[in-house]
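Below are the chains, spelled out letter by letter.
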Amino acid sequence: MSIGHFTVWDYVVFGAMLLVSAVIGVYYAFAGGGQQTSKDFLMGGRSMSALPVALSLTASFMSAVTVLGTPAEIYRYGAIFCIFAITYFLVVVISAEVFLPVFYRLGITSTYEYLELRFNKYLRLCGTILFIIQTILYTGIVIYAPALALNQVTGFDLWGAVVATGIVCTFYCTLGGLKAVVWTDVFQVGIMVAGFSSVIIRAVVVQEGIGRILNDSYHGGRLNFWDFNPNPLQRHTFWTILIGGTFTWTGIYGVNQSQVQRYIACKTRFQAKLSLYINLLGLWAILVCAMFCGLAMYSIYHDCDPWTAKRVSAPDQLMPYLVLDILQDFPGVPGLFVASAYSGTLSTVSSSINALAAVTVEDLIKPYFTSLSEKKLSWISKGMSLFYGGVCIAMAALASLLGGLLQAALSIFGMVGGPLLGLFSLGILSPFANPIGAFVGLIGGFTVSLWVGIGAQIYPPLPERTMPLNLTTIGCDIGSPGTGGNWTTTTEMPTLTTLVHLQGTERPVLADYWYSLSYLYFSTVGTLVTIVLGMIVSLLTGGIKQNIDRKFLLTKEDLLSNFSFSKPKTNEKVEVLNWKPFTMADEGTDNPVFNHIEMNVTENKEKVNGAHV
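As the structure is a prediction and not an experimental result, all values here were calculated from the model.

Colleague: Even after reading the chapter, I still don't get the packing of helix α8 (residues 158–206) against helix α15 (residues 374–402), so can you show me in this structure?
Modeller: Helix packing for two helices is described by the angle between their axes and how far apart those axes are. With their axes 8 Å apart at the nearest point, α8 and α15 run at an angle of 165° to one another. Looking at the two axes, α8 sits roughly antiparallel to α15. For the element pair α8 and α15, the recorded crossing hand is right-handed. Facing Trp 159, Val 162, Gly 166, Ile 167, Thr 170, Cys 173, Thr 174 and Leu 175 of α8, the residues of α15 in contact are Lys 382, Ser 385, Leu 386, Gly 389, Ile 393, Ala 396, Ala 397 and Ser 400. When grouped by side-chain class, the residues that make up the contact of α8 with α15 number nine nonpolar, six polar and one charged.

So this is what it looks like as structure tokens:
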């Protein structure tokens, strides 16, 4: 069975995608008098409307990891991943009703600014620095990982792609600021949906209808939507996805600079909330597309799994393999799919670069150099965009050398989200939390989530916890290279016993309980420890006596104001607070850091399997 190769047309389609993105950047550099102030550059002059912002939030949340990783996830573990649809709904409601009103009212540029307003400047600095390190690490992997997967399957030039995407991204971020980032994201969402659609439509044609795809998936155990096992050690069940997923994603949507920066850039608070709710539809659409791709892939390969048959070397490569397999007769369409994977990368990287620039200018430059004019700050912001673009390309080069090590560093940074979410929740929801309590809570939450996270890296959970479903190569033509005889009919299941024997000797007791916690609960543990510790310490250190300005807290009016459409208030537009101009840091990366944890754990496991098949 031969699969196709990249043709000239595929490169043309890919090049066109990069070109359009660059042109949007140039347009916003000069449109409407250009980027006069750092506010214009970093916040789009706070004049964005809901729809583009919503699409932009969707885009940066979906990196190439989503385009390549989610279908492979569903192919291997089944459709239970779709319970995330409920999770996304909860996350959007929490972000829009709890965090957004406070951030929007304060008119801040960097979310970490809030930490100084509510607590003190040391907590702000903690947040800023964590965010910068985490985002740079993350962006390097986001650029490199998809390039590698696509390169190994399609022969698409590896460094050409990395450098081209990095340069185009830096180019339009530096020229056009937040407006260019948002509008290129809108274009890139279109490309992503087009890439997914082409695969789904062609797969339905190949399999002669949706019925057959669903039938194969059902018989293969892939339609496992309802698994109500309450055990927190099970990797994906209804409860781990609902509870763990909600905490994990709220850390990304509710308080992470890359996302918050965009919805605060809306004209009015109503538009900002609307953008979050519209973005929910986008998330659902993408999830459904990814699910269909995964099920179609299973239907096509249900009796000959390319991964077990050694035709691809990692699950990430299954999706590009499928594309070249079923779309080889359509010149340019595989290029569209690769463009959609890279659109994911571009949108994530551009929002990271813009958020890094915002945090650096607001938190590290403005507070210490108070005499700078707006014009100068605007130039400094552009310079920072350029600088971080270069740093991210350098990180991608580093990712190629360090591979697994960087992956591990990143998944450990994934645990940062939980404690930071706890810190913001303390500030917004608990009037008696004080700086000492917040600091102790943050350190406590951090310690616990690093402990469980690093433990899980060293002792990956056993396969009976992650429960991959059966894959088989029974239907493969035995003569094909790389499959040498009948042994290929086994799947990863038989290796369970060998694994247990091997690791049973040196695994500590904690490894099978505490360290086997579902990866989605890492953030939950961090958040809850931070909140509980923070409240206890605040009460003990006299937190009740302090009086806090109500505007830093979530109030009843914030919740009721949704229903007061009758008489629109004139002061709905936010006036930026013009007091001591400092800012805060960003904290997290745009998107599934946790996918990475995931990918990492499964990779290790596969190596073990590979060794003992």
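Colleague: So what exactly am I meant to see when it comes to the pattern of salt bridges here?
Modeller: Opposite charge on two side chains allows them to pair when their charged atoms are near. Inspection of the entire model under this criterion finds ten salt bridges. The shortest N-O distance in the salt bridge between Glu 362 and Lys 366 comes to 3.0 Å. For the residue pair Glu 362 and Lys 366, the accessibility class agrees, reading buried in each case. Note that Asp 549 and Lys 551 form a salt bridge whose closest N and O atoms lie 3.1 Å from each other.

Colleague: Help me understand α8, please; the structure alone is not making it clear to me.
Modeller: Structural remark: α-helix, 3.6 residues per turn; residues separated by three or four positions point the same way. When the terminal C-alpha atoms of α8 are compared, their 30 Å separation across 49 residues is substantially less than the 72 Å that a helix rising 1.5 Å per residue should span. At Gly 176, α8 is bent by approximately 130°, the largest bend along its length.

Colleague: What am I meant to see in the nonpolar core here?
Modeller: A general feature of soluble globular proteins is that nonpolar side chains tend to end up buried together. Within the largest apolar cluster, 166 residues are counted, with the highest numbers of intra-cluster contacts made by Phe 103, Tyr 114, Val 199, Met 319 and Tyr 342. Counting residues per element, this core draws most heavily on α8, at 18 residues. The contacts of Val 199, once residues within four sequence positions are left out, are Cys 293, Met 319, Leu 322, Val 323, Ile 326, Leu 327 and Phe 337.

Colleague: Any chance you could explain the side chain of Thr 139 here in plain terms?
Modeller: Along the polypeptide, Thr 139 turns up in helix α7 (residues 121–154). Taking the relative accessible area as the measure of exposure, Thr 139 reaches 0% and is therefore buried. When residues no more than four places from it in sequence are discounted, the contact partners of Thr 139 are Val 349, Ser 352 and Cys 392.

What counts, and where the lines are drawn
- Residues numbered from 1 in each chain as written.
- Predicted model: local features only at pLDDT ≥ 70, side-chain atom pairs only at ≥ 80, totals over all residues.
- Heavy atoms only, no water.
- Axes fitted to C-alpha atoms, helices over the stretch in contact; angles between N-to-C directions.
- Helix = DSSP H or I, 4+ residues; strand = E, 2+ residues; numbered from the N terminus.
- Parallel < 35°, antiparallel > 145°, perpendicular 65-115°, else oblique.
- Left-handed = near helix turned anticlockwise from the far one by under 90°.
- Contact = heavy atoms within 4.5 Å.
- Nonpolar A, V, L, I, M, F, W, Y, C, P; charged D, E, K, R; others polar.
- Salt bridge = Lys/Arg side-chain N within 4 Å of Asp/Glu carboxyl O.
- Buried < 20%, exposed > 50% of the residue type's maximum accessible area, 1.4 Å probe, protein only.
- Expected span 1.5 Å × (residues − 1).
- Bend = angle between axes of the 7 residues up to and from the residue.
- Core = buried A, V, L, I, M, F, W, Y, C linked by side-chain atoms within 4.5 Å.

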